[in-house]
Amino acid sequence: MSSADIYREIILDYYRNPRNYGKIENPDISKKDSNPLCGDELEMHINLRENKVSDVKFTGKGCAISQASASMLTELIMGKDFDFVKKLTKEDILENLGLHDLGPARIKCALLSLKVLKYGIYSYVSEKLKDTVSADKIKEEASGLF
Amino acid sequence: MQTSVINIESIRNDFPILKRKVHNDKPLVYFDNAATSQKPIQVINSISNYYLNYNSNIHRAVHELAEESTAAYELTRDKVAKFINVKNREELVFVRGTTEAINLVAYSWGRQNVQKDDIVVTTEYEHHSNIVPWQLLTKEKGAKLEYIGVDDNGELILDQLDTYLDTGKVKLVTFSQMSNVLGTMSKTEEIVKKCHQKGVLVLVDGAQSVPHLKVDIQKLDCDFFAFSAHKMLGPTGVGVLWARKELLEKMVPFNAGGDMIREVHKYETTWNDLPYKFEAGTPNIADVIGFSAALDYLEKIGMDKVREHEVELTRYALDKISAVKGIVLYGPPDVAKRGGVISFNLGDIHPHDLATIIDEDGIAIRSGHHCAQVLMERLDVSATSRASFYIYNTKEEVDVFIKSLNRARELFRL
């Protein structure tokens, strides 16, 4: 993908004006991760009510792709069923971003948000729901992202 | 429009990789020399010549091949001694790289000499390889690790060194002769003098300086010195530790095994002479021999000329890049105080995005924290972009780079 295709108006807009940026006090799900190669950081907080995402926020620093990806992901899952959120795939995220053909170095930037989300769900499902079978599956998906 | 001091055209012809295109049809502009330099054909040939014609293990066998390989391997040691003006060749230990050299000192000398409540002093502009080994050592010993700060011009605040030295607890001061991010050249001789007045030893990390400056160990008068071959036209996997003989003699081996022993009995071993005491196992023979060709290459140009060329190119680049709207530069503004390294940020473009964009124009730069997160914290940035030059870079390439920065500005609507 050329830079002109990557850095479209919408990506830059989410980078400069991130939606759902911030923190939630005592969230049901809280996860922080970083990409050690480039130092991108991301923290995601989620509240659940009646098995739906009732609130979601993120903070972080990093490149336009990683930050726009995180912000767009929060919009994608806000108000959605927890089951829908659990099932999100790499393809869903890239589709949502409109970035289909990122090289191996930059795809990590786009997928860091999903990785943080999946590890957050893993901790929630294993520690709070005590459902180790589902949790292990989610963990496997998270570690398989990159 | 080349710099006048060296014949760039003939130099560029020696580097096959500079002829390749990237992203289909873009000539490669290689500005990531602080990470690793490219290799001239002479170095590549010297390595393949070893494998083609006299590959054999060194030091032990008596056959002709082994004599040739041993002689070639040891010849590199002599050339290194001459290159950085070391008096005793046995004070030069071949290691894998600067990182291993520093670790060798931390594990061997450090464990023998640093005790509880002692202080090791490093600086805020060190590479992680000159921070983490000392964190491990000081934590293990209950000693303290202190930092010399960096001022807004990217220079070390040497008053802080005085304060540490006055405690009487400092065992070692360790710092880079040239910062890999800011390009700042440390006042090495002044620091060494201050330390020696208080009987404190000094380790100098020469990874960024030896490739670009005439370095004279006897003049620097430090106690340990470390650098890598791969940043100075040589192969990866070869580095050098120099240390004073009296220090090396008292130090215990870092790695144990073949070649570093004199006699081995069931429960006791006596060590081989210097430097072999620190070169356990079969070393990286081919690449040490390849390094020899790199040293020849640089000697032929002359390190003063290398420096002169880079000063001229850096001055040109700083001048051009300063005019790019939204640019923030890090490091000393004065070219005389810095090497050919330019760290910068452009508007709110994250360095990774910038590197992606200009890579499309064939330009290879580095983006990120450059293994210097302590410095990134000090500069209050998460990352920077870094362009770093060497003997084969030209002003025309700088122009391509500047044009590409402006394209990035447009893409980001700056």
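As the structure is a computational prediction, the values presented were derived from the model and not from experiment. (Residues numbered from 1 in each chain as written. Chains lettered and ligands numbered in written order. Predicted model: local features only at pLDDT ≥ 70, side-chain atom pairs only at ≥ 80, totals over all residues.)

Colleague: Can you walk me through the overall build of chain B in this structure?
Modeller: Looking only at helices and strands, one finds 14 helices and 17 strands in chain B. Relative to the 2.2 N^0.38 estimate, which gives 22 Å for 414 residues, the radius of gyration of chain B is 22 Å and therefore close to what a compact globule would have. Expressed as a percentage of its 414 residues, the buried residues of chain B come to 50%. Within chain B, contacts between residues separated by at least 24 positions form 71% of all contacts whose residues are at least 6 apart in sequence. (Helix = DSSP H or I, 4+ residues; strand = E, 2+ residues; numbered from the N terminus. Rg over C-alpha atoms; globule rule 2.2 N^0.38 Å. Buried ≥ 20, exposed ≤ 12 C-beta atoms within 10 Å, placed from the backbone. Contact = placed C-beta atoms within 7 Å.)

Colleague: So what exactly am I meant to see when it comes to the overall build of chain A here?
Modeller: Across its full length, chain A carries seven helices and three strands. Counting from the amino terminus, helix and strand elements in chain A follow one another as α-α-β-β-β-α-α-α-α-α. Relative to the globule expectation of 15 Å for 146 residues, the C-alpha radius of gyration of chain A, 14 Å, shows essentially globular dimensions. Burial analysis of chain A (146 residues in total) assigns 40% to the buried set. Within chain A, counting contacts between residues at least 6 apart in sequence, those at least 24 apart form 61% of the total.

Colleague: Would you mind showing me how to read the interface of chain B and chain A here?
Modeller: By a widely used convention, the size of an interface equals the accessible area lost when the partners come together. With 14 residues of chain B in contact, the opposing surface of chain A contributes 14 residues. The dominant element in the side of chain B that touches chain A, judged by the number of residues it contributes, is helix α12 (residues 351–359) of chain B, at four residues. Tallied by class, residues from the side of chain B that touches chain A come to four nonpolar, six polar and four charged. (Nonpolar A, V, L, I, M, F, W, Y, C, P; charged D, E, K, R; others polar.)

Colleague: Quick question: what am I supposed to make of the domain arrangement of chain B here?
Modeller: All names here are of chain B. Split into domains, chain B comes out as domain 1 (8–30 + 302–411) and domain 2 (45–299). Each side of the interface is counted separately: domain 1 has 24 residues, and domain 2 has 22 residues. The element contributing the most residues to the side of domain 1 that touches domain 2 is helix α11 (residues 303–322), with five residues. Counted by class, the side of domain 1 that touches domain 2 contains eleven nonpolar, six polar and seven charged residues. (Domains from an automatic or database assignment.)

Colleague: It is not clear to me how the nonpolar core should be interpreted in this structure. Could you clarify?
Modeller: Looking at soluble globular proteins, one finds that nonpolar side chains tend to be buried together. Judged by nonpolar contacts, the single largest core of 155 residues is most densely connected at Val173(B), Val202(B), Val240(B), Leu241(B), Ala294(B) and Ala408(B). If one sorts the elements of this core by residue count, helix α6 (residues 104–128) of chain A sits on top with twelve residues. A domain-level breakdown of this core finds at least three residues from each of domain 1 (8–30 + 302–411) and domain 2 (45–299) of chain B. Excluding residues that lie within four positions of it along the chain, Val202(B) makes contacts with Val173(B), Ile191(B), Val192(B), Cys195(B), Cys222(B) and Asp223(B). (Core = buried A, V, L, I, M, F, W, Y, C linked by C-beta atoms within 7 Å.)

Colleague: So what exactly am I meant to see when it comes to the sheet that holds strand β1 (residues 29–35) of chain A here?
Modeller: Sheet strands pair by backbone hydrogen bonding; their relative direction is either parallel or antiparallel. All names here are of chain A. One open sheet accounts for three strands, arranged β1-β2-β3; its pairing is antiparallel. Because the sheet does not close on itself, it has two edges, and the strands there are β1 and β3 (52–61). Neighbouring strand axes in the sheet, compared pairwise and without regard to direction, differ in orientation by 15° on average. Where β1 lies against strand β2 (residues 40–49), seven bridges are found, and the strand directions are antiparallel. Bridge assignment links Asp33 to a residue of β2, and that residue is Leu42. Most of the contacts of helix α3 (residues 64–77) go to β3, to which it runs at about 170°, and overall it touches β2 and β3. Sitting on the sheet, α6 is in contact with β1 and β2, with an inclination near 145° to β1. (Pairing = 2+ DSSP bridges. Axes fitted to C-alpha atoms, helices over the stretch in contact; angles between N-to-C directions.)

Colleague: I keep staring at the environment of Leu346(B) and nothing clicks. Help me out?
Modeller: Residue and element names in this part refer to chain B. With respect to the helices, strands and loops of the structure, Leu346 is situated in strand β14 (residues 341–346). Residue classification places Leu346 among the buried positions, given that 24 C-beta atoms sit within 10 Å. Measuring from C-alpha to C-alpha, the distance between Leu346 and Tyr30 comes to 20 Å, with 316 residues separating the pair along the chain. Leave out the neighbours within four places in its chain, and Leu346 touches Val324, Gly326, Ile327, Leu354, Leu405, Ala408 and Arg409.

Colleague: How do you make sense of helix α10 (residues 285–301) of chain B when you look at a structure like this?
Modeller: Count 3.6 residues to each turn of an α-helix, and residues three or four apart come out pointing the same way. Spanning 17 residues, α10(B) covers 25 Å between terminal C-alpha atoms, matching the ideal 24 Å at 1.5 Å per step. Phi for Gly302(B), located one or two positions after α10(B), is positive at around 100°. (Expected span 1.5 Å × (residues − 1).)

Colleague: Looking at this structure, how should I read the environment of Glu90(B)?
Modeller: Residue and element names in this part refer to chain B. Mapping Glu90 onto the fold places it in the loop between α3 (64–83) and β4 (92–95). Classification of Glu90 as partly exposed rests on a count of 16 C-beta atoms within 10 Å. Distance from Glu90 to Lys245, taken between C-alpha atoms, is 7.7 Å for residues 155 residues apart in sequence. In contact with Glu90, other than residues within four places in its own chain, are Lys245, Asp273, Leu274 and Pro275.

Colleague: Would you mind going over the sheet that holds strand β13 (residues 327–330) of chain B with me for this structure?
Modeller: Residue and element names in this part refer to chain B. Here four strands make up an open sheet; going across it, the order is β13-β14-β17-β16 and the pairing antiparallel. At either end of the open sheet lies a strand with only one pairing partner, and these are β13 and β16 (366–368). Taking each pair of neighbouring strands and ignoring which way they run, the sheet shows an average axis angle of 30°. Along the sheet face, α11 touches β13 and β14 and points at about 10° away from the line of β14.

Colleague: So what exactly am I meant to see when it comes to the packing of α3(A) against helix α5 (residues 90–97) of chain A here?
Modeller: Each pair of packed helices gets described by two things: the angle between the helix axes and the distance between those axes. Residue and element names in this part refer to chain A. Running from N to C, α3 and α5 point in directions that differ by 105°, and their axes come no closer than 10 Å. Regarding the angle of α3 to α5, the classification is roughly perpendicular. Across from Ala68, Ser69, Met72, Leu73 and Leu76 in α3, the residues of α5 making contact are Ile93, Asn96 and Leu97. Its residues assigned to classes, the contact of α3 with α5 comprises six nonpolar, two polar and no charged. (Parallel < 35°, antiparallel > 145°, perpendicular 65-115°, else oblique.)

Colleague: Looking at this model, I keep getting lost on the confidence of the model for chain B. Mind explaining?
Modeller: Note that predicted coordinates carrying low pLDDT should not be read in detail. Here chain B shows a mean pLDDT of 96. Residues at 70 or above account for 99%. For this predicted complex, the interface score ipTM comes out at 0.90, alongside a pTM of 0.94. (pLDDT = per-residue confidence, 0-100.)

Colleague: Is there a simple way to explain helix α5 (residues 132–141) of chain B in this structure?
Modeller: Residue and element names in this part refer to chain B. Considered for burial, the residues of α5 that qualify are Pro133, Trp134, Leu137 and Thr138. Here the buried residues of α5 occupy an arc of 120° about the axis, which is enough to place them on one side. Seen from the buried face of α5, the exposed residues on the opposite side, beyond 90 degrees, are Lys139 and Glu140. Looking at the packing, one finds that the buried side of α5 touches α4 (98–113), β5 (119–123), β6 (144–148) and β7 (170–176). (Arc of directions from axis to C-beta.)

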